[in-house]
Amino acid sequence: MDLKSTFCVDYTGSVLQKLIYIVLMILCHKINSHLAIELEYKVRENENEGVFIGNIATDILLTSVTTCDSLAYKFMKEMDYVILRHESGELYTTKQRIDRETLCPVEFRGDPCVQEVNVVILCADQYLQMVKVKIVILDVNDNAPYFAEQVMKLSIPEDAAAGTSFGIDYYATDNDTGENSIKHYYLENSQNIFSLNDGETPSIVVHQPLDREVKDLYEMKIVAVDGGVPPLSGTATLLINIQDINDNCPIFNVSEFDIQIPENMSSNSVVTQLHAFDADLGPNAEISYSYGNRVQEISKKLFTLHSDTGLITFSGNKNPEISPIHKLTVLANGPGCAPAIVQITVSVMHSSKYSPKLEISYIANQADGVIYLKETAPDNTPIALLEVTDPDHYLKGTIYISGNVPFYLKPYERSRNKHLVVTSQLLDHELENQYKIVIKAEDPHSLHELTIHVKITDENDNSPEFCQSSFEASIEENNIPGAFLLKISATDADSGQNGKVTYHLGPDALPIFSIEQITGNLIVSTALDREKDKLYRFSVSAVDHGIPPRKRSTIVIIHVLDQNDNTPSFLTNDYTFFIPENFPRHGEIGVINVTDLDEGANGNVTVSILNSSSHFLMDNTRGILRCNSSVDREKHTMHVFWVEAVDGGRSPLSATAKITVFVLDINDNPPTVLLPQSNISWLLVPPNTPQGTAVAEIYAIDYDAGINAVMTYTIVGRNGPAPHVFGINTATGNITLQEKLLSKDYGLYQLLVKVSDLGQPQPLHSTVMVNLFVNETVSNKSYLEDLLHRRTVFTEEMQTEPNPCPLLQTLDIPCSPPIIPIAITMIIVSIIFFTISLCMLLSMRKKSKKKELYIDAKIPLKINLDYYTKDWNDEQL
């Protein structure tokens, strides 16, 4: 019988039965532990909740799976950081994150971190199988290295040679393992003096010479870095103390000095205290003092030297035969060093019952022992009287003033013991305002001194001085009222009220400027306009407070800088120009006058044509409007366009103006004959036509204007039975019957008419053939057609000049002599030209729509056009 089937039965009865079931389950687990299946899963620490670890159901094979409909999976002992899905056997992480360093003890951190748990598989609440699950916790780099001690100390002797290593026993700790553990160390802020040898035993390596007396402590950071990605690091402070060695010897700050002591000095009185210095520390800096071998024994007895402190005291020996001068050589001894030497000269001064005495009596004003002398005092001014009392006549030599001061001693009333202290030169408070006069007198035993203190009082002898000869400032126009311009600065070498300076504007300064009297700040109270004034020049004075006051003036120049605050301005907003047609290309039409009150780029104006007129262009170098293409009055009698003037400012301003260019006519078009329409057109003239009847009319136009469009008509050739029976009105072109027609006058008449204008300087003309058939009817068209197509031989006409008075002829006014017609013609032409120009100008200003093309010579016909257009195709008989 199977042991598992024997013990692993289903007890679902009473409470007792359930207890028995639990015992049997434990017993079953013990018996079959060797039969349990082992599964191993791996999961990283610190994973989020719900991360899949493994599936027990898919990783094991059960023999009874096919016989069980519902399997259940249960932990024998619940885990906080892993959850088991009972139905599926899947393992997932929980909200409590896995911490490998908490689960695995420190001492086993080098081994894999494995957590074991037993899982029971049940089938319908009956034991089926036990599975041992091993969960391997994989390490992540979640711990930075750290040092147990944040401050590490190391001592290195100052004589350590470059390349010497000094081991350190400070290690960092990293709770992570493997690649995430500590990999190397390095130093920060070592100043390239030290480095870290990152080997099995870390050590500090010296790279440069050390000197404790220069620097005795180095502070840097030691950094431990792990191998994680990204790497983590920990730091600690490393203090390197430089140990002293005996590399310095004692020194004195002086090599020799003198001391004077009175001969009645008391015993054990201090003569002097010696100080030698050794830059080393501790025993290396211990100093002992001793006399040199050449010091006399009497001097050693008279002056006691304390070897440990360097103190020299007087022994109190008052033997009058002792020499007044003693030479003491003192040695300062240090371990392993040559001694430092100082030479002391001690003078024992003789005491007298009546020692010399110097007394002073003040002549100049004084207070509390200080003489006050005006700087305006002349030289040789006495300030004090010196009186010398010397009963024992100890003073030898002269009494004198020590140092370089502008005073000297002058004997008083030929007395040896009285001297005046007088000035030796003019004084200047601004150069030196006080003096210390030291008067000295020597006797064999001592030096006697007397000090007089002198202060030089200031007088107002200096005028204010400006720091520069003139002051200039620049400010843009349109400034804010109250704007600061510049600071006027002046100094006065005097002191007190004499040196206090205030500032005032000169009478030439405008009221818009003001100056702060104390500070010298110059302010403008209103906005400036460069176009009105671009430069201001006025004076400013600096006045001190002396009595009487002194002043000095300077010039202030204010430059007003331009802003682009003025738009360009045309001389007029409406320019009118007249040019003849066929005006040459690039010819000068006229000057477009435009100004800009600004300067520089702000005043540089460029004029351009706005509405893209290709007929004209602007020459900005000279401000001239030029013609860019040929103009034809017959197409456009005038051109209207706009020009824009733009300045060169950063924010450019602009203005516009209207340009009207009238095109004046020139005689460039000959008359155009409209009727008759061809040279083979004809007109039937009945024989009974009364004399003087207008039988035909020539209609012509001239596209020119004015005098150039005034036409005259003349017959220049005739052909017919009686050629002179027809005449022509030179002004209207009407052909009239001049004689009564006779039977012999029947037939075809051909008149060659010349239509000429009165243009200057050369008139132009056209010709036309006028065919007149005198007959009752036209019975033979082919015959008439043949006549019209034959070459016509004309009877020569006397060539005459065009009638200068065609208009007068129209009115049947006899023509005047040649001079009068010319004058009248010129007057009429001028009136016509002026009238046409005025009308055109008024019309342009009144009409808002686009102007129509003017054609001056379109005159309506006075007769029926159908009469003239009949030709051989007509059905007239």
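The shown structure was predicted, so the numbers you read here are calculated from the model rather than taken from an experiment. (Residues numbered from 1 in each chain as written. Predicted model: local features only at pLDDT ≥ 70, side-chain atom pairs only at ≥ 80, totals over all residues. Heavy atoms only, no water.)

Caption draft 1: Summary view of the overall build of the chain. Assigned secondary structure in the chain consists of 9 helices and 62 strands. Within the span of the chain, comprising 877 residues, buried residues form 41% of the whole. A separation threshold of at least 6 residues defines the contact pool for the chain, and within that pool the share at least 24 residues apart is 68%. Total accessible area on the chain is roughly 49100 Å²; 52% of this is exposed by carbon and sulfur atoms. (Helix = DSSP H or I, 4+ residues; strand = E, 2+ residues; numbered from the N terminus. Buried < 20%, exposed > 50% of the residue type's maximum accessible area, 1.4 Å probe, protein only. Contact = heavy atoms within 4.5 Å. Areas by Shrake-Rupley, 256 points an atom, 1.4 Å probe, with all protein chains shown as cover.)

Caption draft 2: Focus on the pattern of salt bridges. Enumeration according to the criterion identifies 17 salt bridges in this entry. For the salt bridge of Arg212 with Asp244, the shortest nitrogen-to-oxygen distance reads 3.0 Å. Note that Arg212 is positioned in the loop between β14 (203-206) and β15 (217-226) and Asp244 in the loop between β16 (233-243) and β17 (251-252), a separation of 32 residues in sequence. Judged by relative accessible area, Arg212 falls into the buried class, the value being 8%. For Asp244, a relative accessible area of 19% translates into the label buried. (Salt bridge = Lys/Arg side-chain N within 4 Å of Asp/Glu carboxyl O.)

Caption draft 3: Spotlight on the sheet that holds strand β3 (residues 71-75). Strand order in the open sheet formed by 4 strands is β1-β7-β6-β3, with mixed pairing between adjacent strands. Either end of the sheet is taken by a strand with one partner, and the two such strands are β1 (37-44) and β3. Here the average twist between neighbouring strands, direction ignored, is 30 degrees. In this structure, β1 lies alongside strand β7 (residues 126-138), joined through 8 bridges in parallel fashion. Within the sheet, the bridge partner assigned to Ile37 lies in β7 and is Val131. (Pairing = 2+ DSSP bridges. Axes fitted to C-alpha atoms, helices over the stretch in contact; angles between N-to-C directions.)

Caption draft 4: How the structure looks around the confidence of the model for the chain. Averaged over all residues, the pLDDT of the chain equals 81, while 82% of them reach at least 70. Low confidence marks residues 1-13, where pLDDT is under 50. Its contacts with residues over four positions away, or in another chain, come to 20 contacts. Scored below 50 in pLDDT, residues 28-34 shows 9 contacts in the model against residues more than four places distant or in partner chains. (pLDDT = per-residue confidence, 0-100.)

Caption draft 5: How the structure looks around the state of the cysteines. Enumeration over the complete set of coordinates arrives at 2 disulfides. Residue pairing for Cys249: its cysteine sulfur links by disulfide to Cys337, the two sulfurs lying 2.2 Å apart. Measuring the twist about the S-S bond at about -85 degrees, one finds the Cys249-Cys337 disulfide to be left-handed. Placement of the pair is Cys249 in the loop between β16 and β17 and Cys337 in the loop between β24 (325-333) and β25 (340-349), with a sequence separation of 88 residues. Cys249 gets classed as partly exposed once you look at its relative accessible area, which sits at 35%. (Disulfide = S-S within 2.5 Å.)

Caption draft 6: Geometry of the packing of aromatic side chains. Under the counting rule described, the total for this entry stands at 14 aromatic pairs. Both rings, one in Phe513 and one in Tyr536, keep their centres 5.2 Å apart while their planes meet at 70 degrees; by these two values the pair is edge-to-face. One end of the pair, Phe513, is in strand β40 (residues 513-515); the other, Tyr536, is in strand β42 (residues 535-544), and 23 residues separate them in sequence. Residue class for Phe513 comes out buried when judged on its relative accessible area of 4%. Note on Phe570 and Tyr575: the rings are 6.3 Å apart at their centroids and 75 degrees apart in plane angle, and the pair reads as edge-to-face. Considered together, Phe570 and Tyr575 belong to a single accessibility category, that of buried residues. Aromatic rings pair up to connect Phe513, Tyr536 and Phe538 into one cluster. (Phe/Tyr/Trp six-rings, centres within 6.5 Å; stacked < 30°, edge-to-face > 60°.)

Caption draft 7: Spatial organisation of the nonpolar core. Ranked by internal contacts, the top residues of the largest apolar core, which has 26 residues, are Ile56, Phe75, Val82, Leu91, Val119, Val131 and Val133. Every element with two or more residues in this core is listed here: β1, β3, β4 (82-84), β6 (113-123) and β7. With residues near it in sequence (within four places) discarded, Ile56 still touches Leu39, Tyr41, Tyr73, Leu84, Gly89, Leu91, Val119, Val131 and Val133. (Core = buried A, V, L, I, M, F, W, Y, C linked by side-chain atoms within 4.5 Å.)

Caption draft 8: Highlighting helix α6 (residues 781-789). Those residues of α6 that fall on the buried side of the exposure criterion are Leu784, Leu787 and Leu788. Down the axis of α6, the buried side of the element spans an arc of 100 degrees, and every buried residue falls inside it. Relative to its buried face, α6 has exposed residues pointing more than 90 degrees away, namely Ser782 and His789. (Arc of directions from axis to C-beta.)

Caption draft 9: Examining the sheet that holds strand β45 (residues 574-580) more closely. As summarised here, the arrangement of the 4 strands in space is β45-β52-β51-β48, forming an open sheet in which the pairing is mixed. The open sheet has two edge strands, β45 and β48 (605-609), and neither has a second partner. For this sheet, the mean inter-axis angle between neighbouring strands, taken without regard to orientation, is 25 degrees. Summarising the sheet, strand β51 (residues 638-647) and strand β52 (residues 654-664) pair through 9 bridges and their orientation is antiparallel.

Caption draft 10: Fine view of unusual backbone geometry. The residue after Val229, namely Pro230, is reached through a cis peptide bond having omega 0 degrees. Here Pro230 shows up in the loop between β15 and β16. Even without being glycine, Asn268 reaches a positive phi, approximately 65 degrees. Among the structural elements, Asn268 can be located in the loop between β18 (256-262) and β19 (269-273). The backbone of Asn582 sits at a positive phi, close to 60 degrees, despite the residue not being glycine. Inspection of the secondary structure assignment puts Asn582 in the loop between β45 and β46 (588-591).

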